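# Chain and residue survey
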Amino acid sequence: MNSDAPIYHVESAHGVHIKLQDGRELIDGMSSWWCAIHGYNHPEMNAALTQQLDRMSHIMFGGLTHSPAIELTELLVELTPSLLQKVFFSDSGSVAVEVAMKVAIQYWQAKGQAERQNFVSLRRGYHGDTIGAMSVSDPETGMHTIFGDALQKNHFVEQPGCRFGGSSNAEDLLGLENTFRNNQNIAALILEPIVQATGGMWFYSAEYLQQARILCDKFDVLLIADEIATGFARTGKLFACNHADISPDIMCLGKTLTGGYLTLAATLTTNEVADTIDSGEPGVFMHGPTFMANPMACTAAATSIKLLLESPWKENIRRIENELRHGLEPCQEFESVKEVRVLGAIGVIELTQEVAMTSITKDFVGSGVWVRPFGRLVYLMPPYIMDNDTLKTLTTAVVSVIERHFFD
Ligand code: PMP
């Protein structure tokens, strides 16, 4: 991080606004790294958490259980693709990915194929910052350049070139098929369904996902869907896998899971995978985080999910999608803009060159909006509760800042 990059002191946040200590108020275009879907300080979320605090803030989850975890488990099993029946709670998205990778390894061990310990993932994919998660993240953007020698050597196939809304092409899938065919030690394919987020906000074809599922079945490889960035309606479907109508063998959820209130992640799997692990040695999945299924976090998650389901979320995401599309469209005319693309409540402006973080951030804040670009991407992932007027103010500010920065 740039040493002269500004850091702003936040005093409070309400609805879709962030209040700085100096009194300025910013419209939140980031949902705090994509998770605060109901905005900040939501009265129902606050009330549910206050009640839970009076009951207990935490209790160990070994040999004990509690209502928030049971309720959340039931909701997740009901809402996610039908084959996913078992849920494991952990602390963060990266840990949920570690858990998914360990589940896959232990599954093959229990089946007498302990040599299957390698993973296949997509270039430009990103799955987190821990050692295992980094080993399946893009070698260039996933920090391999610094930690490469410390990471397990996994297989990477080309990023799908086929766009969302279009069909997949044979070339895109050939690399995947060849990798499966030529390597016997693969435990699972891990990918971000439909949206490769941190690796470039790239939206790819649902058909690719369907074909990847078919190839996993053909070569008897588990499919891990990392829905940490896409889960809970961000792309317009409740889960991105729903665009392709597929059920993965393992799914990771995080970020939006608690509506951005507290840190919690979940790794879901099928009865077949869970039962196989239980039938092998040592007869139980070997992972036990201290704060597993924290009752406050589970309460936040169950409340957030119910709020989402009670809202007209499909129309709402469609409304945001339209506003982002119209609002960001003027950027398309700028020479410095390579492409504007929008999917669900994600609006992306891909530039031809990297943004100067320090000056552009100051300009965004000066314009009353909170936007955090990276690389050549300026993007918006607003809270779902943002109304059209506020969306318009947000996109107008973003267009003006980009125009100023690249034409002055
Ligand atoms: N997977 C994906 C797809 C993500 O976008 C992220 C976070 N950006 C992670 C995993 C890691 O999640 P966390 O930051 O909660 O560890």
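Numbering of residues begins from 1 in every chain and follows the order in which that chain's sequence is written. Reporting in this predicted model follows two pLDDT cut-offs: at least 70 for local features of residues, and 80 or more for side-chain atom pairs to be given and counted; totals over whole chains, interfaces and linings ignore these cut-offs and use all residues. In computing side-chain properties, one takes all heavy atoms of the structure into account and sets aside hydrogens as well as water.

### Remarks on the site of the ligand
Here, proximity means that at least one heavy atom of the residue falls within 4 Å of the molecule or strand. Among the 13 residues in the neighbourhood of the ligand, the closest are listed as Gly93, Ser94, His127, Asp226 and Lys255. The separation between a nitrogen atom of the ligand and a polar side-chain atom of aspartate 226 is 2.7 Å. At 3.2 Å from a nitrogen atom of the ligand is found a side-chain nitrogen or oxygen belonging to lysine 255. Within the complex, the protein chains bury 83% of what would otherwise be the 390 Å² of accessible surface of the ligand. Of the residues assigned to the shell around the ligand, the class counts are 4 nonpolar, 6 polar and 3 charged. Definition of a polar contact: a pair of N or O atoms within 3.5 Å, with one able to donate and the other able to accept a hydrogen when the atoms are protein atoms, and with sequence-neighbouring residues admitted only if both atoms are side-chain atoms. Under the convention used here, a 1.4 Å probe and the Shrake-Rupley method define accessible areas, while residue burial counts only the protein chains that appear. Note on residue categories: nonpolar means Ala, Val, Leu, Ile, Met, Phe, Trp, Tyr, Cys or Pro, charged means Asp, Glu, Lys or Arg, and polar means any other residue, Gly included.

### Here's the deal with the pairing of strand 7 (residues 186–191)
Burial classes: relative accessible area under 20% of the type maximum marks a residue as buried, over 50% as exposed, and values in between as partly exposed (1.4 Å probe, protein chains only). Numbering of helices and strands starts at the N terminus; helices are DSSP runs of H or I of at least 4 residues and strands are runs of E of at least 2. In terms of burial, strand 7 is largely enclosed, as 6 of its 6 residues are buried. Pairs of strands are assigned from DSSP output, requiring at least two bridges between the strands. Relative to strand 10 (residues 222–226), strand 7 runs parallel, the two being bridged by 4 bridges. Counterpart to isoleucine 190 in the pairing with strand 10 is isoleucine 224.

### Section: helix 4 (residues 93–110)
Note: α-helices contain 3.6 residues per turn, so residues at a spacing of three or four share the same orientation. Residue count minus one, scaled by 1.5 Å, sets the expected span of a helix. The first and last C-alpha atoms of helix 4 sit 26 Å apart over 18 residues, in line with the 26 Å expected at 1.5 Å per residue. Extensive coverage of helix 4 is indicated by the burial of 14 of its 18 residues. Note on helix 4: the residue one or two positions beyond its end, glycine 112, has a positive phi of about 80 degrees.

### A look at the packing of aromatic side chains
By convention, a stacked pair of Phe, Tyr or Trp rings (six-membered ring in the case of Trp) has centres within 6.5 Å and planes under 30 degrees apart, an edge-to-face pair has planes over 60 apart, and any other such pair is tilted. Counted under the stated rule, the structure contains 8 aromatic pairs. Relative to phenylalanine 239, the ring of phenylalanine 232 has its centre 5.2 Å away and its plane inclined at 65 degrees; by these criteria the two rings are edge-to-face. Here the two residues phenylalanine 232 and phenylalanine 239 agree in accessibility, since each one is buried. Of the aromatic side chains, those joined through ring pairs into one cluster are Trp34, Phe374 and Tyr379. Between the NZ or CZ atom of arginine 116 and the centre of the ring of tryptophan 108, over which it lies, the distance is 3.6 Å. If you follow lysine 255 out to its NZ or CZ, it ends over the ring of tryptophan 34, 4.3 Å from the centre. Placement of a charge over a ring requires the Lys NZ or Arg CZ to be within 6 Å of the ring centre, with the centre-to-atom vector within 35 degrees of the ring normal.

### Here we look at the nonpolar core
We call a set of buried Ala, Val, Leu, Ile, Met, Phe, Trp, Tyr and Cys residues a nonpolar core when their side-chain atoms join them within 4.5 Å. Core analysis: the biggest nonpolar cluster contains 123 residues, and Leu76, Leu176, Leu189, Ile349, Val398 and Ile402 have the highest contact counts within it. The element contributing the most residues to this core is helix 4, with 10 residues. Start and end points for every domain follow an automatic or database-based domain assignment. Taken domain by domain, this core gets at least three of its residues from each of domain 1 (10–34 + 312–407) and domain 2 (46–310). Sequence-distant contacts of valine 398, that is, excluding residues within four places in its chain, are made with Leu328, Ile349, Phe364, Val371, Val378 and Leu380. Leu49, Met296, Ala300 and Leu307 belong to the second-largest nonpolar core, a separate cluster that totals 5 residues. Contacts between residues were defined by any pair of non-hydrogen atoms, one from each residue, lying within 4.5 Å.

### Quick word on the pairing of strand 2 (residues 17–20)
The two faces of strand 2 differ: Ile18 and Leu20 on one face are buried, but His17 and Lys19 on the other face are not. With 4 bridges joining them, strand 1 (residues 10–14) and strand 2 adopt antiparallel strand pairing. Following the sheet pairing, valine 10 is matched in strand 2 by leucine 20. If you look at the hairpin formed by strand 1 and strand 2, you'll find 2 residues sitting between the two strands, and glycine 15 has a positive phi there, around 55 degrees. Alignment of strand 2 against strand 3 (residues 25–28), held across 3 bridges, turns out to be antiparallel. From the neighbouring strand, isoleucine 18 faces strand 3, where its bridge partner is leucine 26. Turn length for the strand 2-strand 3 hairpin, with the two strands adjacent in sequence and antiparallel, is 4 residues, and the turn residue glycine 23 shows positive phi of about 95 degrees.

### Side note on the side chain of glutamate 192
Mapped onto the secondary structure, glutamate 192 falls in the loop between strand 7 and strand 8 (195–196). Here glutamate 192 sits buried without a salt bridge, and the closest side chain of opposite charge, lysine 255, lies 9.1 Å off (N-O distance). The contacts of glutamate 192, once residues within four sequence positions are left out, are Arg124, Gly125, Tyr126, His127, Ala197, Thr198, Tyr204 and Asp226. Neither His nor the chain ends contribute to the count of charged residues, in which Lys and Arg are positive and Asp and Glu negative. The salt bridge criterion pairs a side-chain nitrogen of Lys or Arg with a carboxyl oxygen of Asp or Glu, the two atoms within 4 Å.

### Quick word on the environment of phenylalanine 61
If you trace the backbone, phenylalanine 61 turns up in the loop between helix 2 (43–55) and helix 3 (67–79). On the basis of relative accessibility, which here comes to 23%, the residue phenylalanine 61 falls in the partly exposed class. With 229 residues separating them along the chain, phenylalanine 61 and threonine 290 place their C-alpha atoms 8.0 Å apart. Those residues in contact with phenylalanine 61 that lie beyond four places of it in its chain are His66, Ala69, Met292 and Ala293.

### Some thoughts on the sheet that holds strand 6 (residues 155–157)
Spatially, 7 strands are ordered 4-12-11-10-7-5-6 in an open sheet, and the strand pairing comes out mixed. Each having just a single partner strand, strand 4 (84–90) and strand 6 make up the two edges of the open sheet. Neighbour to neighbour, the strand axes of the sheet diverge by 20 degrees on average, direction disregarded. Interaxial angles span 0 to 180 degrees and are taken between N-to-C directions of axes, which are lines fitted to C-alpha atoms, for helices over the stretch in contact. Packed onto the sheet, helix 10 (residues 271–279) meets strand 4, strand 10 and strand 12 (265–270) and runs at close to 90 degrees relative to strand 12.

### Re the domain arrangement of the protein chain
Annotation of the protein chain at the domain level lists domain 1 (10–34 + 312–407) and domain 2 (46–310). Each of domain 1 and domain 2 was reduced to a C-alpha centroid, and the two centroids are 28 Å apart. Looking at the side of domain 1 facing domain 2, the largest losses of area belong to Trp34, Trp313 and Leu343, adding up to 42% of the total buried there. Scanning the region where domain 1 abuts domain 2 turns up 1 salt bridge. With its nearest N and O atoms 2.9 Å apart, the salt bridge here joins arginine 163 to glutamate 339. Summed over both partners, the accessible area lost on bringing two parts together, with a 1.4 Å probe, is the buried area.

### Observations regarding the pattern of salt bridges
Following the criterion strictly, the structure yields 14 salt bridges and no others. Its salt-bridge partner being arginine 24, residue aspartate 22 comes within 2.9 Å of it at the nearest N-O pair. As a salt-bridge pair, glutamate 350 and arginine 376 come within 3.1 Å of each other at their nearest N and O atoms. Taken together, the residues glutamate 350 in strand 14 (residues 346–351) and arginine 376 in the loop between strand 15 (369–370) and strand 16 (377–380) connect sequence positions 26 residues apart. The exposure class of glutamate 350 is buried, given its relative accessible area of 9%. Overall, the relative accessible area of 32% leaves arginine 376 in the partly exposed class. Each of Arg163, Lys338, Glu339, Arg341, Glu350 and Arg376 takes part in salt bridges that share partners, so that together they form one network.

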